[in-house]
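Chains, contacts and geometry: an overview
Read off the chains here:
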Amino acid sequence: MSSPTRRLTVAQALVRFLSVQYTERDGVRQRLIAGTWGIFGHGNVAGLGQALLEAGEDAMPYHQGRNEQAMVHAAVGYARQLDRLSAMAVTTSIGPGATNLVTGAALATVNRLPVLLLPGDSFATRAADPLLQQLEHPVEADLTVNDTLRPVSRWFDRVTRPEALIPAALHAMRVLADPVETGAVTLALPQDVQAEAYDWPEEFFAERIWRVRRPAPDPAELAAAARAIERAARPLIVAGGGVHHSGAEDALRALVDSTGIPVASTQAGKGSLRHDHPADLGGIGHTGTAVCDDLARAADLVIGVGTRYTDFTTASNTLFQNPDVRFVNLNIAAFDAHKLAASSLVADARTGLDALTEALAGHRVDAGYEAEYRAGKERWARVVAAAYRGDDDAVPTQTQVLGALDAVVGDDDVVINAAGSLPGDLHKLWRARGRRQYHLEYGYSCMGYEIPAAIGVQQATPDTPVWALVGDGTYLMMPTEIVTAVQEGLPVNLLLIQNHGYASIGGLSESVGGERFGTAYRYRAADGTFSGDPLPVDLAANAGSLGMDVLRATTVRELRDALAAARASDRPTCVYVETDTATATAPPAEAWWDVPVAATASREAAVRAREEYERQVAARRRHL
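Remember, predicted model here, so these are calculated numbers, not experimental data. (Residues numbered from 1 in each chain as written. Predicted model: local features only at pLDDT ≥ 70, side-chain atom pairs only at ≥ 80, totals over all residues. Heavy atoms only, no water.)

**Quick word on the pairing of strand β6 (residues 87-92)**
Using the following cut-off: Any residue under 20% of the maximum accessible area for its type is buried, any over 50% is exposed, and the rest in between are partly exposed; the area is computed with a 1.4 Å probe on protein chains only. Note on conventions: DSSP H or I runs of at least 4 residues are helices, E runs of at least 2 residues are strands, and numbering of each starts at the N terminus. When DSSP locates at least two bridges between a pair of strands, those strands are taken to pair.
Within β6, 6 of the 6 residues are buried, which leaves it mostly tucked inside the rest of the structure. Neither face of β6 is open: one carries A87, A89 and T91, the other M88, V90 and T92, and all of them are buried. Here 4 bridges tie strand β4 (residues 33-38) to β6, and the two strands are oriented parallel to one another. Bridge pairing in β6 places T36 opposite A89. Pairing analysis gives 4 bridges linking β6 to strand β7 (residues 115-121), with the strands arranged parallel. Along β7, the bridge assignment pairs A89 with L116.

Written as structure tokens, this is what we have:
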């Protein structure tokens, strides 16, 4: 007796399949693919476009984007807010629509966040060749522009026949739901195949649950980790994004409360403890706090939890200076657990932390060590207060802008940023109150991420106040999804800071002998440099023209009032402020970051910068 089948196009079958995929962790089930973002062109309008229309909003909600890269950012923001347990699909036409996905895909994969990419592709049959927007390669006839997505995808397949969709789709779901493997997944869909009909087995459309594992640590690895911690006089926990993805904040707090071990956080891990917990010392590394970086230099044991140890975290391998320092890394991915020649503890973060707490029962760090780091925390709290403090009637500095926002937000608000000078100030100064409040995309540090990500976070948690913090440089990269927020009625808040150029890169340029070349948004002067008056660009008017409500603030007091009004609004709202860039209120970097400086130069600034570079690089070490 033959199994029942259903005749559908490839695109219709894929949408139907995606609508019945679920994840389950700790007994909680949710849709794996909760919706599809799409911009339609000739490469997907008659395939996936028609299939989404036919499926309807209940089966597969559709979201209209304005830029393909931005759609991926929105999907990534959504997935991160929901602890990687639910994701979105993104469909594009062939050609530039598909290649616009590459930056978003890289961001997703770098940050280990799931997104399903469904770009249209050239005809599988090659009945019409070359197609509009088809790239012809002289020696590889099967190469298409979608192959640019291979190196930035965790799984890639091109579905050139209908029946090939079945294994491709199943593999795609496996990767998306696996906390070790997850990232961008690409199914390239030739436009003729999308519209082709096939008799699909009904089993393909049965509900599937992809259980998200919480692997426990190996007993021998656990025992070795516990011994190392018990022997350490100055242990330090480095909390990474894996703490949040695992929902391990309570488990981390239990370990810290039991043992007294202090916690430093990466950009992705900030908020693993509330800012007012006695053992929470804030950010670590180049953008870290003084107390964290001082402890890191003297630590004899560093316990990484869910971190991949980027160069900002390790200060380009100059931070951990104790000659006897050793590492224990708790990570669900063996690839990351091995880093810095660590003693590996391969496990889910929550499961591993619970096991460590039990194994370390009765152990606590020396009281003098606790007193030392608590005193350092109090000193840094005074630095934060000074950076936030400003005259109510003065033009605010950037750190005073953060202080005004800090005074307005609640525990559940989400603050989103990715690039510019803000990540450094936020990592040092922000007082995170909730587990998902601090949302920094610093794995790829992609300008333009903030506004679409805010949309994704708002979609994931509709009642949560969401703030996209954006400088003028980032805003000009990608303001397009403001239209999407207005269209969808999503009350995202945009805090738009005008400082007339690339402030972060300007400062970096100055420090490495680049003399702020090409970083200011100013008219070209008589000498050919961009050193004239600031450009007369009205970004607030631009945001208003795209449909946002706009509130302008010129003083600290006006800024606080505007932020409070934005938070209370049920409409997408932009708070625009021009900052005082002449007054320095941000604390300096507490650790180095390796940006190579010209080895030979005739300009004095570069010569001096090279001398400083050689002094700093001498402190770099290999942890073996």
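**Here we look at helix α14 (residues 349-359)**
Residues that lie three or four places apart on an α-helix share one face, since the helix turns once every 3.6 residues. The test is simple: When checking whether two residues touch, look at their non-hydrogen atoms; a contact exists if any pair is within 4.5 Å. In the analysis that follows, any N or O atom pair within 3.5 Å is treated as a polar contact, provided that within protein one partner can donate a hydrogen and the other can accept it, and provided that, for residues neighboring in sequence, both atoms belong to side chains.
All buried positions along α14 are accounted for by A349, T351, G352, L353, A355, L356 and T357. Here the buried face of α14 lies against α8 (219-231), α9 (241-246), α10 (249-259), β15 (301-305), β16 (326-331) and β17 (343-346). N-capping of α14 is provided by D348, with a side-chain oxygen placed 3.1 Å from the backbone N of R350.

**So, the packing of helix α1 (residues 10-18) against helix α6 (residues 165-177)**
Test applied: Here an angle of 0 to 180 degrees is reported between the N-to-C directions of two axes, which are lines fitted to C-alpha atoms, with helices fitted over the stretch in contact. Two helices cross in a left-handed way if the nearer one is turned anticlockwise from the farther one by less than a right angle. They cross in a right-handed way if the turn is clockwise. Amino acids outside the nonpolar list (Ala, Val, Leu, Ile, Met, Phe, Trp, Tyr, Cys, Pro) and the charged list (Asp, Glu, Lys, Arg) are all regarded as polar, and Gly is one of them.
Two elements in contact, α1 and α6, have axes separated by 11 Å at closest approach and are oriented at 30°. Two packed elements cross with a definite hand, and for α1 against α6 that hand is right-handed. Along its contact with α1, which presents V10, A13, L14, F17 and L18, the element α6 presents L165, A169, L170 and M173. Counted by class, the contact of α1 with α6 contains 9 nonpolar, no polar and no charged residues.

**Points about the packing of α10 against α14**
We apply this condition: Every angle not falling under 35 degrees, over 145, or within 65 to 115 is termed oblique; those three ranges are roughly parallel, roughly antiparallel and roughly perpendicular.
One can describe the packing of α10 onto α14 by two numbers: an axis separation of 8 Å at closest approach and a directional angle of 20°. With respect to α14, the element α10 is oriented roughly parallel. Considering only the axes of α10 and α14, their crossing is left-handed. Where α10 approaches α14, its residues A251, L252, A254, L255 and S258 are matched on the opposing element by R350, L353, D354, L356 and T357.

**Observations concerning the pattern of salt bridges**
Counted only if it meets this: Salt bridges are defined as contacts in which a side-chain nitrogen from Lys or Arg sits within 4 Å of a carboxyl oxygen from Asp or Glu.
Taken as a whole and judged by the stated rule, the model has 37 salt bridges. Where E207 meets R29, a salt bridge forms, and the shortest distance between an N and an O atom there is 3.2 Å. Of the two residues, E207 sits in the loop between β10 (197-201) and β11 (208-211) while R29 sits in strand β3 (residues 28-31), which places them 178 residues apart along the sequence. For E207, a relative accessible area of 49% corresponds to the partly exposed category. The partner of D294 in a salt bridge is R297, with the nearest N and O atoms 3.2 Å apart. Of this pair, D294 and R297 are both found in helix α11 (residues 290-298), 3 residues apart, which corresponds to roughly one turn of the helix. Where salt bridges share partners, they join D26, R214, D348 and R350 into one cluster.

**Some points on the environment of A419**
Mapped onto the elements of the fold, A419 is located in the loop between β18 (414-417) and α17 (422-429). In this structure A419 comes out as buried when scored by relative accessible area, which is 8%. Along the chain, A419 and H244 lie 175 residues apart, while their C-alpha atoms are 21 Å from each other. If near-sequence neighbours (up to four positions away) are discounted, A419 is found in contact with S445, C446, M447, E450 and T474.

**Here we look at the packing of aromatic side chains**
Note the cut-off: Only rings of Phe, Tyr and Trp enter the pairing, Trp through its six-membered ring, and a pair is recorded when the two centres are within 6.5 Å. The plane angle decides the type: under 30 degrees is stacked, over 60 is edge-to-face, the rest tilted. For a ring to carry a charge above it, either NZ of a lysine or CZ of an arginine must fall within 6 Å of the ring centroid while also lying within 35 degrees of the normal to the ring plane.
Counted by the stated rule, this structure contains 11 aromatic pairs. Ring plane angle 75° and centroid distance 5.1 Å describe the contact between F312 and Y442, whose orientation is recorded as edge-to-face. Here F312, found in helix α12 (residues 311-314), pairs with Y442, found in the loop between β19 (438-440) and α18 (450-460); they are 130 residues apart in sequence, far enough to count as distant. F312 gets classed as buried once you look at its relative accessible area, which sits at 11%. Seen from the ring of Y22, R29 lies directly overhead, with NZ or CZ sitting 4.1 Å from the centre.

**Some thoughts on the sheet that holds β3**
On the basis of which strands lie adjacent, the open sheet formed by 3 strands has the order β3-β2-β11 and mixed pairing. Pairing within the sheet leaves two strands with one partner each, and these edge strands are β3 and β11. The sheet shows a mean angle of 30° between the axes of neighbouring strands, taken without regard to direction. Bridge analysis of strand β2 (residues 21-25) against β11 gives 4 bridges, and the strand direction is parallel. Across the sheet, T23 pairs through a bridge with W210, a residue of β11. Against the sheet, α6 engages β2 and β11, with an angle of about 35° to β11.

**A look at the layout of surface pockets**
Note the cut-off: With a 1 Å grid spanning the protein atoms alone, the term cavity applies to any set of points in which a 1.4 Å probe fits but cannot get out, the term pocket to an open set with protein on both sides within 12 Å along at least five of seven lines, and the term lining residue to any residue with an atom within 4 Å of a point. Grid points are joined across faces, edges and corners, and a volume is the space filled by probe spheres set on the points.
Looking at the second largest pocket, its volume works out to about 290 Å³. Lining the second largest pocket are 20 residues, with H275, K377, W380, V384 and R431 sitting closest to its centre. Elements that contribute at least two residues to the lining of the second largest pocket include exactly β14 (280-283), α15 (367-388) and α17. Looking at the lining of the second largest pocket, the element that brings in the most residues is α15, giving 4 residues. A class-by-class count of the residues in the lining of the second largest pocket yields 9 nonpolar, 5 polar and 6 charged.

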